[in-house]
Amino acid sequence: DNTSCCIIKEQIQLLDSIGFEWNILDSRVYGSDSWDVRYEELVSFVKDFGHTRVTKGFAKNPILANWVNAQRSEYKKFQPGIASC
């Protein structure tokens, strides 16, 4: 079970496949649900809104907003020379 503390190459590829936008403000995720649950919520968000810019003020699902920002932060750590986990 992958949790929100770590991102792996396959997860980055999944996010890339739905047009995930990586360069937005960093934050840490709050919540204990699995990575897969949050990913499915993001897929649903993309279907509804056509983008991955889930803002901190997204009242309908603030945990998703925090998770999205955390994924961006983890992605930066995953870049060459920096380990995510």
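Quick caveat, the model's predicted, so the values are computed rather than measured.

Honestly, helix H3 (residues 62–78) in this entry has me stumped. Any pointers?
Owing to its 3.6 residues per turn, the α-helix brings residues three or four apart onto one side. Compared with the 24 Å implied by 1.5 Å per residue over 17 residues, the 24 Å span of H3 between its first and last C-alpha is a close match. For H3, the full list of buried residues reads Leu-64, Ala-65, Asn-66, Trp-67, Val-68, Asn-69, Ala-70, Gln-71, Arg-72, Ser-73 and Glu-74. Looking at the buried positions of H3, the neighbouring elements they touch are helix H1 (9–17) and helix H2 (35–49).

Explain the packing of H1 against H2 here, please?
In helix packing, the relevant descriptors are the interaxial angle and the interaxial distance, both defined with respect to the helix axes. Running from N to C, H1 and H2 cross one another at 10°; their axes reach a closest spacing of 11 Å. On the basis of their axis angle, the class for H1 and H2 is roughly parallel. Contacts from Gln-11, Leu-14, Leu-15 and Ser-17 of H1 reach H2 at Trp-35, Tyr-39 and Leu-42.

What should I look at first to understand the environment of Ile-7 in this one?
Tracing the sequence through the fold places Ile-7 in the segment before H1. For Ile-7, a relative accessible area of 2% corresponds to the buried category.

About the cut-offs
- Each chain carries its own residue numbering, running from 1 in the written order of its sequence.
- Selection of residues for local features in this predicted model requires a pLDDT of at least 70, selection of side-chain atom pairs for listing and counting requires 80 or more, and totals for whole chains, interfaces and linings are taken over all residues.
- To obtain the side-chain values, all non-hydrogen atoms of the structure were included, while hydrogens and water were left out.
- Secondary structure elements are taken from DSSP: a helix is a run of H or I of four residues or more, a strand is a run of E of two residues or more, and numbering for both begins at the N terminus.
- Expected span of a helix: the number of residues minus one, times 1.5 Å.
- Working definition: with a 1.4 Å probe on protein chains only, accessible area under 20% of the residue-type maximum means buried, over 50% means exposed, and in between means partly exposed.
- In what follows, a contact means two residues having at least one pair of non-hydrogen atoms within 4.5 Å.
- Simply put, an axis is a line fit to the C-alpha atoms, just over the touching stretch for a helix, and the angle between two N-to-C directions goes from 0 to 180 degrees.
- Just so you know how the angles are binned, under 35 degrees is roughly parallel, over 145 roughly antiparallel, 65 to 115 roughly perpendicular, and the rest oblique.

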